[in-house]
Each structure stands twice: as structure tokens, then as C-alpha cells.
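# Report on the structure
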Amino acid sequence: MLSSILYTAVVKGKVALPCDITPPSMDDAVALILWYKDDSPAPIYTMDARRGTVEQARQSASSRLEARAYFNMINRPAFLQLDPVQEEDAGDYRCRVDFHKARTVNTVISLKVIASILYTAVVKGKVALPCDITPPSMDDAVALILWYKDDSPAPIYTMDARRGTVEQARQSASSRLEARAYFNMINRPAFLQLDPVQEEDAGDYRCRVDFHKARTVNTVISLKVIETSVALHWTQQQQKIDIDPEQQLYTPKIVDIAAAVIEIYGDICGSSLDTTTTTEN
């Protein structure tokens, strides 16, 4: 039985399912790539280079995916992108790679699809992006944590405990984040804090957690960044929240809007506001 990688995607968002298509030798090349979902015998995506090069390969998706799927072979590892993600995309995916000479290689990925979770942060404020790093068993531990943003193949934040314990782990942020980022592993769930938030921080974040024994777990978070001088107006149930940019103390409030739970957190240390919505219309 093949071990699988667990990915989590957000409804209406996008996800990149990786597949290593690198030939094992210099004199070999990819001939055929087939993506399967669950127990279906028919592939959901095909890349056929048996009669030419990979650059000349024919690509085709099943009617269920239609224009939502795209296989990126330039990136390393290559990946199948689904955009936008739908609830029915949840399941087990298998990427089968046939080479002209070498034996076939299979990669299995389990995709979990969750309701849209949107984090909203204020420019010059701070935000905590959660990531569950709890090992699935008592005899396991975190080996590596990588944070990615949007489609960048390079991590924006790294926590490396492969040569020691989590307490001894080396942490490093990309030059774009520099000293603005800090990964808090004491809190449960752990979180990546950005302080102060900048406009360019908006986007999709993925937290990849590698354990010493268990399979890799991925968590996806969408972050929206708004100006400090914003006024939030909730029209349903005649609820309205006005945020004064000059006000330094925010009172915690809970507003029930169409079964969505919106928590407004105050920070007496500065002008900051984090808004978390568990459903998105």
C-alpha cells in the first residue's frame, strides 16, 4: 500500500497536488502521466508524450474537471492545480508516471476540502495564521515545518527540527518577511504571526508539516488585508461595527450573521484587528 500525503483545500480556493515527474536517469524521459481519483478506473487527467517530447504532449481533463484543472510541468515538483476547488474534489488522488525506460512511479495524495475560512488583517496590525502541528501518535514528533504563499515554490518560513527536538529547531524567514514573522509553537494550535501586516501579505498560505513517522499534513489559509481606516458595516440583522482608526482599544464582540461566527479580537497594545470567518458566501 502506498503512503499518502494529506492536503487541505478551501472551497472556491485553489490547490496544487504535487507529482514528481523527474526521470531517474539522464537518458530517460516521461512518456505518460495519468491522474486517478478514488477507485475510478478512468483517469481524470492525462498527459501523453508517448509520440513526442513532454513539451509536445497532449493534455486532457475529464468532463468533471473541465477547465478547472491544469498540470504544471515547469515547476519542480510538477503539480495538478484545481481552481476553483469544489466540495466533491475531496478524496484520494494518484499520479502515475510512466517513463520510456524506467519503471512506473506512483504518488498518492489525500485531499480534504473544507468550507472557506477567511482571515482578515489590518495594515500595520498583526495576524496569527494557525497550523496544527500535533503529532498523530505519542511516539512521533515534528521534523520540518514549511510555510508557502500563493504559487511560490520557495518557502517563506522554515522551522527545521530534523536534527534535534522542536525546542532546538532552527527557524528562518524569507527576506520579504524578515523580522515581521514569528512561528509560535507553544500555543495550540501553533501559529505564524505577522507583525506588522503589510498590503502585500494578502494571499493564500499553506503550512506543510512533516513528521518523523506519520504522513505530511498541509493546511491552507486565505488572508485578506484591509486598510486601517476601514469601516465594517454588517447589514443583515441591522448589525453594524464601526472601527475608528484613531481608537487604540477595541472591545471584543461576537456578531451572529447568517450562522457565520465572526470574532472581533481587540488588542490594547496597538492598532490591530483580526477577523475570522468560518463560512464564506
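Residues numbered from 1 in each chain as written. Predicted model: local features only at pLDDT ≥ 70, side-chain atom pairs only at ≥ 80, totals over all residues. Heavy atoms only, no water.

- The chain is annotated in an unreviewed UniProt entry as Ig-like domain-containing protein from Cordylochernes scorpioides.

### Looking at the state of the cysteines
- Under the definition given, this model contains two disulfides.
- Linked covalently through their sulfurs, Cys19 and Cys95 form a disulfide whose S-S length is 2.0 Å. Across the disulfide from Cys19 to Cys95, rotation about the S-S bond amounts to roughly -70°, and the bridge is consequently left-handed. With Cys19 in strand S2 (residues 15–19) and Cys95 in strand S8 (residues 91–99), this pair connects stretches of sequence that are 76 residues apart. Residues Cys19 and Cys95 agree in their burial class; the two are buried.
- A sulfur-sulfur distance of 2.0 Å marks the disulfide that ties Cys131 to Cys207. Handedness of the Cys131-Cys207 disulfide follows from its S-S torsion of about -70°: it is left-handed. Of this pair, Cys131 sits in strand S11 (residues 127–131) while Cys207 sits in strand S17 (residues 203–211); the two residues are 76 residues apart in sequence, bridging distant segments of the chain.
- The class of Cys131 is buried, set by a relative accessible area of 1%.
- Should the bonded cysteines of the chain be numbered as they appear in the sequence, the pairing reads 1-2, 3-4. (Disulfide = S-S within 2.5 Å. Helix = DSSP H or I, 4+ residues; strand = E, 2+ residues; numbered from the N terminus. Buried < 20%, exposed > 50% of the residue type's maximum accessible area, 1.4 Å probe, protein only.)

### Some words on the sheet that holds strand S15 (residues 181–184)
- The strand order across the open sheet formed by three strands is S11-S16-S15, and the pairing between neighbours is antiparallel. Edge strands, defined here as strands with exactly one partner in the open sheet, are S11 and S15. Sheet twist, expressed as the mean angle between neighbouring strand axes with direction ignored, is 20°. (Pairing = 2+ DSSP bridges. Axes fitted to C-alpha atoms, helices over the stretch in contact; angles between N-to-C directions.)

### A closer look at the environment of His212
- Of note, His212 is situated in the loop between S17 and strand S18 (217–226).
- Distance in space between the C-alpha atoms of His212 and Asp140 is 6.2 Å, their sequence separation being 72 residues.
- In this structure, His212 is in contact with Asp140, Ala141, Val142, Ala143, Ala161 and Arg162, ignoring residues within four places of it in sequence. (Contact = heavy atoms within 4.5 Å.)

### Remarks on the pattern of salt bridges
- Counted under the stated rule, the structure contains 15 salt bridges.
- Notably, a salt bridge pairs Arg162 with Asp160, separated by 2.7 Å at the nearest N-O pair.
- Relative accessible area serves as the criterion here: at 53%, Arg162 is assigned to the exposed category.
- Each of the salt bridges in this network shares a partner with another, and the network as a whole consists of Asp48, Arg50 and Arg58. (Salt bridge = Lys/Arg side-chain N within 4 Å of Asp/Glu carboxyl O.)

### Looking at the pairing of strand S6 (residues 69–72)
- Note: S6 against strand S7 (residues 78–82), four bridges, orientation antiparallel. Bridge assignment links Ala69 to a residue of S7, and that residue is Leu82.
- Hairpin connection, S6 to S7: the antiparallel pair is bridged by five residues.

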